[in-house]
Amino acid sequence: MTANRDRPTMQDIADRIGVSKALVSLVIRNAPGPSAETRQRVLAAADELGYRVNRAAALMTAKRSHLIGVMANIRNSFHAEVVEDIVAAADGAGYEVVLGAVTPTHGEPKVIDTLLDFRCEGLLLIGPELPSAALSALGQRTPCVVIGRRVTTDSVDVVRSADAKGIAMVVDHLTGLGHRRILHVTGGPGIISADRRNGYLRAMRRHSLGDLAATIDGDFTENAGLAAADRARTDGLPTAVVCANDRIAIGMIDGLRRAGVDVPGEVSVAGYDDSALSRLGHIDLTSVSQQPRQQADRAVSAVVERLDGARTAAQSSVLTPRLVVRGTTGPART
């Protein structure tokens, strides 16, 4: 009979095989001292009893937690893909991941404080919207890597794709199909959105289409795409739309098709992120891949270099995005 029916303890293991609790603790912690035979007996008893290490208690006494905190917006499909790849990379490096979800009721500052309260040794922040000064101050407190956003500071590492170049690839693709009246739907006032907007404007000027450049401000949601579709129909339909992310593009396509506008026959639409939704057959969205696995691998490597390798100098890694052409873009209507 165990002392705690819900959760067996080290004392239960000790009682089962007739040794001291201290000896069981040495085995569980893989500390030197116990013989191979004793280790086998302790581990066998622990398995029979269904013993699991009380991680919360262990963290209270351990010098290091080997936890990496990850902040992500759980409604953002790109963030979700990066998190999945981060977990795999962290596991390979001997670290566990604590996920902090940004929601309407839990903003970025609160999520970061919670991750630090859990004794995370380093932080990976996916697409943060915090001001650069706040990120710089955070990087002075704890090893921190910003993923997917440009940040100019000497206290945090940055891993991102070249957003302006990625949007320019879409514009190049569309002009190659004969499009001239190309609209851009932005993701709002943040740095990520600004970089993509500027990339669009520069690409339009490079193709001598600066006078035809037009933008509609939105945010990174499907509702912004729906609203932009209504606005575009009111103002006069362009022949193509470049959206700041896939969610906007999906909302745009939905709004256009509900109004009887053929995509891509009348209006071509492209997104950004190459999300799982964009690859579905009934959506088949032309998009831009930010190389999420490579970003995850580099971000984990960067934070581990700081934690295990004592690196202090900030580093920046910029990946080249990749255009993925699918069925929502086609030749410009005549």
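Not measured: the values here are computed from a predicted model.

Another point: the overall build of the protein chain. Looking only at helices and strands, the protein chain has 12 helices and 12 strands in total. Along the first, second and third principal axes, the C-alpha atoms of the protein chain reach 85 × 40 × 35 Å. Looking at the protein chain as a whole, 50% of its 334 residues qualify as buried. Long-range contacts, defined here as pairs at least 24 residues apart, represent 68% of the contacts in the protein chain between residues at least 6 apart. Where the 39 positive side-chain charges of the protein chain centre and where its 37 negative ones centre are 2 Å apart.

Before going further, it helps to spend a moment on the pattern of salt bridges. In total, this model carries 15 salt bridges according to the counting rule given. Note that arginine 233 is salt-bridged to aspartate 230, the shortest N-O span being 3.1 Å. Of this pair, arginine 233 and aspartate 230 are both found in helix α10 (residues 222-235), three residues apart, which corresponds to roughly one turn of the helix. Classification of arginine 233 by relative accessible area gives partly exposed; the value is 39%. Judged by relative accessible area, aspartate 230 falls into the partly exposed class, the value being 41%. Each of Glu81, Asp274, Arg279 and Arg326 takes part in one network of salt bridges that share partners.

Moving on: the sheet that holds strand β1 (residues 67-73). Strands sit in the order β2-β1-β3-β4-β5-β11 across an open sheet of six strands; the sheet is parallel. Edge positions in the sheet fall to β2 (96-102) and β11 (316-319), since each of these pairs with one other strand and no more. Mean inter-strand twist for the sheet, computed between neighbouring axes without regard to direction, equals 15°. Bridge analysis of strand β4 (residues 144-147) against strand β5 (residues 157-161) gives three bridges, and the strand direction is parallel. Counterpart to valine 146 in the pairing with β5 is valine 158. This element, helix α5 (residues 77-92), spans β1, β2, β3 (122-126) and β4 of the sheet and lies at about 170° to β1.

Looking at the secondary structure, you find leucine 226 in helix α10. Sequence-wise, leucine 226 and glycine 255 are 29 residues apart; in three dimensions their C-alpha atoms are separated by 4.9 Å. Look past the residues within four positions of leucine 226 in its chain and what remains in contact with it is Gly251, Met252, Asp254 and Gly255.

Criteria and cut-off values
- Residues numbered from 1 in each chain as written.
- Predicted model: local features only at pLDDT ≥ 70, side-chain atom pairs only at ≥ 80, totals over all residues.
- Heavy atoms only, no water.
- Helix = DSSP H or I, 4+ residues; strand = E, 2+ residues; numbered from the N terminus.
- Buried < 20%, exposed > 50% of the residue type's maximum accessible area, 1.4 Å probe, protein only.
- Contact = heavy atoms within 4.5 Å.
- Lys, Arg positive; Asp, Glu negative; His and termini not counted.
- Charge placed at Lys NZ, Arg CZ, Asp CG, Glu CD.
- Salt bridge = Lys/Arg side-chain N within 4 Å of Asp/Glu carboxyl O.
- Pairing = 2+ DSSP bridges.
- Axes fitted to C-alpha atoms, helices over the stretch in contact; angles between N-to-C directions.

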